[in-house]
Amino acid sequence: MPPKHRKIATTTPGKDPRIGVFVCHCGLNIGGTVDVDKVAEYAASLPGVVFSAANLYTCSQPGQEEIKKAIVEQGLNRVVVASCSPRLHEPTFRKACAEAGLNPYLFEMANIREHCSWVHLHDPEAATMKAMDLVGMAVARARLLEPQKEITVPVTKSALVIGGGVAGIQASLDLADSGFKVYLVERSASIGGHMAQIDKTFPTMDCSICILAPKMAEAGRHPNIELLTMSEVEHVDGYVGNFTVKVRKRPRFVSDECTACGDCTHDCPQIAPDEFNAGLSTRKAIYIPFAQAVPSTYVIDLDLCLNKEGIMACDKCLQACKARCIQFSQKEETLQLQVGTIIVATGVDVYDPTSLTEYGYRRFPNVITSLEFERLINAGGPSQGNLIRPYDQTVPKKVAFLQCIGSRSTRSNKYCSNICCMNTIKDSLLIKEHWPETEIKVFYIDIRAFGKGFEDLYRRSRREGVEFIRGIPGEIIEDPETRDLILIGENMLLGEWYKYQVDMVILSVGIEPRHDSRRLQQILNLSTGQDGFYLEAHPKLRPVDTASSGIFLAGCAEGPKDVKDSVTQASAAAARAGILMSRGEVTIEAITARVDPEICTGCGMCIKVCPYHSIYKDEETGVARVVEASCAGCGTCAAECQFGAIKMLHFSDEQIYAQIDSATDNEPEKKIVSFCCNWCSYAGADFAGVSRIQYPPSARIIRTMCSGRVSPGFVRYAFARGAGAVLVSGCHPADCHYINANMQTEKRIRRIHKEMRRNGLNPERLQLAWVSAAEGQRFASIMEKMADFLKRVSPEEIRKTKEVYRKYLGEEAAQ
């Protein structure tokens, strides 16, 4: 039984509520499906509402001015806007309220576009009824809103940039030039990333290393940049403005006094494939990654070196080094950094086509990848820039490029890798420039030449005689005598089968998220899309921000892009980080937890479930205390507290109970009360709307910051009110924006399922679903299945459930 002093539900208005409701047409985005005037008329009849109006575009400047005018003239002390998702325009309307003198936390939104109009396009009547319910729920919550005061915390004026590719370098230089201390962490022995491996860049055909090397050198000598190569981020604590980062720095076994003379490599007996040259050449156990490496210090690969665990089996490099820079005594270090912001620029991996056996990669020596080709034709590569076949080192007369290898396929990656088409066009021109007699065929699905100057480069390639054939070969066969390759497939434009013999095949491989991106995702509490790349906070309004405040994205870590877009995004991320640090302080949103010392028993359950360790036990009073600066507002502690001692600012129990009341006022047996976490499942429902994915109109979504905020009391109360079904939905277990708060959700739902079985109730009426921000289709599918299930729930089952939970919650709930 819940404690008697906890208020189970209330519809008691706040002090003299005067609510203004503004219902937006949003052009035809809402007004084309929902009867907006009918919704506005309904809103005017709700308790506490003194003003209601329909607007064409509420988010526009005239729309905002109308809100400000109504606040002043009508004496409004709360505002509700029924329009798009609060994830899109809540800050816009909060600002408008603040400019009119109203506390911004006295504002509420009803999402009648993404969650209603766009997902019920073919049922205007049901969409209108649902919109009325959503507005009613928003007004019910608005009546109980309270003014809040945000706190500010100082910001450490230093930044961490993770990843030393072109994006990481650019972001570091921008921040360093702005006067901020930057720690640039790179896991390999040199900065530069994949751009350092490329021969030329498109569409300008500039020498890649000629552009990159000066940037690398500048980053290496900049007084505000501390370069940490051979280093990895191990752990991150803290919050926006005050992150504590633990970095593991592996030893190079060569001191910084190294002159890069190279004498040490001559006598080294150990050899391994050279990663920089894509395995087409070899390196020694002591080596420098490439000629322009920064830092220009050699490194010893201890896995390859004969000297292990303090046993000196070989001293040839020691004897060869005149500067005495070899130091086998170097140890691994753990560094602790204090930073205010973090930029993630970890880049990508190149797709390995070995699994696509029909192309013969690794079986046929003359089948190579586009990255291997880049190293072959590079003047600093294994063939000194000469185009040769790997098998016999002869110049190929016929070359074939195969597009979309590892992209746009259910067998590999479904997305387009963005760069492959233009990279192939560039490579074909490089061949034609130096070996004009070479016959080149490009086998493609679609040519995507979308950027500035891209179409001109494509047309130039065709003028040079490059033949483009629509249709990827289904099979490659090798001639065992000549090692030539026979391509068999269908020309989709001509509708004819083809069979071509070529000397060499180049697989235009795509790019994919780094193999270790999941690890960093968990360390930083980031989200990923279905493609595995890190997810931005909003694709249009906050394209370089993440859902975790103070952490930004740059380059291919966020998705496939070329050099220009990577550099552009890096500068944008640096600018966003710089804004935070230049202020010197950051405002913490007033959605944190508060402990009532009069009620708290000091049991410590909240301390155990807090993912940020923001709650501690006061030794003097014996009650729990919250460190508001580090509290992220997930609400897991409030859901765990059995005594009602913790109140969540702006997402109080009373407000959520009021929303449940409103959602279940009419025909509750037809409703699915859906608790959705702000960052993932609510965003997934938004994505379903943006994608116009249709599903039944039975869901009534209540937004919480985290699924961990959903207490068993909310679920029980929804059933006590007669709800047909309840959905609790949040981030996938490893993707929780609050570290592991959703694990508490799972435990609570399991307990309620057992409780329902014990009382002879059907536990299928309570569903737990993990939905990411990119899984709009999954959200819609869950809604369809639950709506279908709801049709089979008998009135007797609903009546019995109401009785069980009204008794469980006590007379207060029954009223």
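The model shown is predicted, which means the values in this text are computed figures rather than measured ones. (Residues numbered from 1 in each chain as written. Predicted model: local features only at pLDDT ≥ 70, side-chain atom pairs only at ≥ 80, totals over all residues. Heavy atoms only, no water.)

### Re the packing of helix 17 (residues 653–663) against helix 19 (residues 712–720)
Then, in step 1: With their axes 10 Å apart at the nearest point, helix 17 and helix 19 run at an angle of 25° to one another. By the criterion of interaxial angle, the relationship of helix 17 to helix 19 is roughly parallel. In this structure, helix 17 crosses over helix 19, and the sense of that crossing is right-handed. Residues Asp 653, Ile 656, Tyr 657, Ile 660 and Asp 661 of helix 17 form the contact with helix 19, whose own contacting residues are Gly 713, Phe 714, Tyr 717 and Ala 718.
Then, in step 2: Residue classes in the contact of helix 17 with helix 19 are distributed as 6 nonpolar, 1 polar and 2 charged. (Axes fitted to C-alpha atoms, helices over the stretch in contact; angles between N-to-C directions. Helix = DSSP H or I, 4+ residues; strand = E, 2+ residues; numbered from the N terminus. Parallel < 35°, antiparallel > 145°, perpendicular 65-115°, else oblique. Left-handed = near helix turned anticlockwise from the far one by under 90°. Contact = heavy atoms within 4.5 Å. Nonpolar A, V, L, I, M, F, W, Y, C, P; charged D, E, K, R; others polar.)

### A closer look at the state of the cysteines
Then, in step 1: Taken as a whole and judged by the stated rule, the model has 0 disulfides.
Then, in step 2: Just so you know, Cys 314 is unpaired, no disulfide at all, and the nearest cysteine sulfur is the one on Cys 317, 6.2 Å from it.
Then, in step 3: Not part of a disulfide, Cys 634 finds its nearest cysteine sulfur in Cys 706, a span of 5.5 Å.
Then, in step 4: Judged by relative accessible area, which is 8%, Cys 634 ranks as buried. (Disulfide = S-S within 2.5 Å. Buried < 20%, exposed > 50% of the residue type's maximum accessible area, 1.4 Å probe, protein only.)

### So, the domain arrangement of the chain
Then, in step 1: Each assigned domain of the chain is listed here: domain 1 (1–148), domain 2 (157–242 + 340–347 + 522–584), domain 3 (251–331), domain 4 (349–512), domain 5 (592–648) and domain 6 (664–815).
Then, in step 2: On a C-alpha basis, the centroid separation for the pair domain 2 and domain 5 is 36 Å. (Domains from an automatic or database assignment.)

### A look at the environment of Gly 193
Then, in step 1: Positionally, Gly 193 belongs in the loop between strand 7 (181–185) and strand 8 (200–201).
Then, in step 2: Dropping the residues within four chain positions of it, Gly 193 is found in contact with Gly 164 and Gly 165.

### A look at the sheet that holds strand 29 (residues 551–553)
Then, in step 1: With parallel pairing, 5 strands are arranged side by side in an open sheet as 10-7-6-18-29. Both outer strands of the open sheet, strand 10 (225–228) and strand 29, are each paired with one neighbouring strand and no more. Taken pair by pair, the neighbouring strands of this sheet meet at an average axis angle of 20°, ignoring direction.
Then, in step 2: Of the pairings in the sheet, the one linking strand 6 (residues 158–162) to strand 7 comprises 5 bridges and is parallel in character. Directly across from Ser 158, in strand 7, lies its bridge partner Lys 181.
Then, in step 3: Helix-sheet contacts for helix 13 (residues 517–524) involve strand 6, strand 18 (341–344) and strand 29, and the interaxial angle to strand 18 is about 160°. (Pairing = 2+ DSSP bridges.)

### Remarks on unusual backbone geometry
Then, in step 1: Along the chain, Phe 202 connects to Pro 203 via a cis peptide bond; the corresponding omega equals 0°.
Then, in step 2: Here Val 294 and Pro 295 are connected by a cis peptide whose omega angle stands at 0°.
Then, in step 3: Position of Pro 295 among the secondary structure elements: in the loop between strand 15 (286–287) and strand 16 (299–300).
Then, in step 4: Unusually for a residue other than glycine, His 613 sits at a positive phi of about 55°.
Then, in step 5: In this structure, His 613 sits in the loop between helix 15 (605–609) and strand 32 (615–617).
Then, in step 6: A positive phi angle, near 70°, is found at Ile 739, a position not held by glycine.
Then, in step 7: Tracing the sequence through the fold places Ile 739 in the loop between strand 37 (725–730) and helix 20 (741–758).

### Quick word on the pattern of salt bridges
Then, in step 1: The final tally for this structure, using the stated rule, is 53 salt bridges.
Then, in step 2: Across the pair Glu 232 and Arg 248 runs a salt bridge whose closest N-O atoms are separated by 3.5 Å. Highlighted residues: Glu 232 in strand 11 (residues 231–239) and Arg 248 in strand 12 (residues 242–249), separated in sequence by 16 residues.
Then, in step 3: Taking the shortest distance from any N to any O, the salt bridge between Lys 426 and Glu 374 comes out at 2.6 Å. Of this pair, Lys 426 sits in helix 11 (residues 420–434) while Glu 374 sits in helix 10 (residues 370–376), and the two are 52 residues apart along the sequence. Pair check on accessibility: Lys 426 and Glu 374 agree, each one buried. (Salt bridge = Lys/Arg side-chain N within 4 Å of Asp/Glu carboxyl O.)

### Looking at the sheet that holds strand 27 (residues 504–509)
Then, in step 1: Strand order in this open sheet of 5 strands is 20-27-21-22-23, and the pairing throughout is parallel. Both edges of this open sheet fall to strand 20 (367–369) and strand 23 (467–470), since each of them pairs with a single strand only. Across the sheet, the mean angle from the axis of one strand to that of its neighbour is 25°, orientation sign disregarded.
Then, in step 2: Direction of pairing for strand 21 (residues 398–405) relative to strand 27: parallel, over a ladder of 5 bridges. Within strand 27, the residue paired with Phe 401 across the bridge is Ile 506.
Then, in step 3: Where helix 11 meets the sheet, it contacts strand 21, strand 22 (439–444), strand 23 and strand 27, and its direction lies at approximately 170° from that of strand 21.

### Side note on the packing of aromatic side chains
Then, in step 1: If you walk through the whole model with that rule in mind, you get 20 aromatic pairs.
Then, in step 2: Plain terms: the ring middles of Tyr 444 and Phe 468 are 6.4 Å apart, the flat faces sit at 70° to each other, and that makes the pair edge-to-face. Highlighted residues: Tyr 444 in strand 22 and Phe 468 in strand 23, separated in sequence by 24 residues.
Then, in step 3: Exposure remark for Phe 468: the relative accessible area of 11% places this residue in the buried category.
Then, in step 4: Aromatic side chains Phe 675 and Phe 714 sit 6.1 Å apart centroid to centroid with 25° between the ring planes, which places their arrangement in the stacked category. With a gap of 39 residues between them, Phe 675 in strand 35 (residues 672–677) and Phe 714 in helix 19 connect regions that are remote in the sequence. Each member of the pair Phe 675 and Phe 714 is classed as buried.
Then, in step 5: Taken together, the ring pairs in this structure connect Tyr 657, Phe 675, Phe 714 and Tyr 717 into an aromatic cluster.
Then, in step 6: The ring centre of Phe 364 lies 4.6 Å from the NZ or CZ of Arg 363, which sits over that ring.
Then, in step 7: Arg 703 extends its terminal NZ or CZ atom over the ring of Tyr 682, reaching a point 5.9 Å from the ring centre. (Phe/Tyr/Trp six-rings, centres within 6.5 Å; stacked < 30°, edge-to-face > 60°. Lys NZ or Arg CZ within 6 Å of the ring centre and 35° of its normal.)

### A word on the side chain of Asn 55
Then, in step 1: As for its position among the elements, Asn 55 is in strand 2 (residues 49–55).
Then, in step 2: A residue is classified by how much of its surface remains accessible, and Asn 55, at 4% relative accessible area, is buried.
Then, in step 3: If we ignore the near neighbours within four places in the chain, the residues touching Asn 55 are Phe 22, Val 23, Cys 24, His 25, Cys 26 and Glu 66.

### Focus: helix 6 (residues 166–177)
Then, in step 1: Look at helix 6: 16 Å from first C-alpha to last across 12 residues, which is about the 16 Å you get at 1.5 Å a residue.
Then, in step 2: Across the 12 residues of helix 6, 10 count as buried, placing the element largely inside the fold.
Then, in step 3: Taken residue by residue, helix 6 has Val 166, Ala 167, Gly 168, Ile 169, Gln 170, Ala 171, Ser 172, Leu 173, Leu 175 and Ala 176 as its buried positions.
Then, in step 4: Just downstream of helix 6 lies Gly 179, where phi reads positive at about 100°. (Expected span 1.5 Å × (residues − 1).)

### Concerning the environment of Ser 412
Then, in step 1: Relative to the elements of secondary structure, Ser 412 occurs in the loop between strand 21 and helix 11.
Then, in step 2: For Ser 412 and Tyr 351, which are 61 residues apart along the polypeptide, the C-alpha to C-alpha distance reads 8.8 Å.
Then, in step 3: Contacts of Ser 412, omitting those with residues within four sequence positions, involve Tyr 351, Gly 406 and Ser 407.

### Examining the nonpolar core
Then, in step 1: Counting residues in each nonpolar core, the largest one holds 69 residues, and the members touching the most others are Val 21, Val 79, Ile 112, Val 135, Ile 660, Phe 675 and Leu 766.
Then, in step 2: Top contributing element to this core by residue count: helix 5 (residues 124–143), with 9 residues.
Then, in step 3: Here this core gathers at least three residues from each of two domains, domain 1 (1–148) and domain 6 (664–815).
Then, in step 4: Not counting residues up to four positions away in its chain, the partners in contact with Val 135 are Val 21, Val 39, Ala 43, Leu 46, Ala 82, Ala 110 and Ile 112.
Then, in step 5: Core analysis: the next-biggest nonpolar cluster, separate from the first, contains 59 residues, Val 161, Val 182, Tyr 298 and Cys 325 among them. (Core = buried A, V, L, I, M, F, W, Y, C linked by side-chain atoms within 4.5 Å.)

### Structural notes on the side chain of Ser 281
Then, in step 1: With respect to the secondary-structure elements, Ser 281 resides in the loop between strand 13 (271–273) and strand 14 (282–284).
Then, in step 2: Excluding anything up to four places from it in sequence, Ser 281 contacts Ala 272, Pro 273, Asp 274 and Pro 382.

### A few points about the confidence of the model for the chain
Then, in step 1: On average, residues of the chain score 93 in pLDDT, and 98% of them reach the 70 mark or higher.
Then, in step 2: pLDDT under 50 marks residues 1–14. Its contacts with residues more than four places away, or in other chains, come to 38 contacts.
Then, in step 3: Across residues 811–815, where pLDDT falls below 50, the model places 7 contacts with residues more than four positions away in sequence or in other chains. (pLDDT = per-residue confidence, 0-100.)

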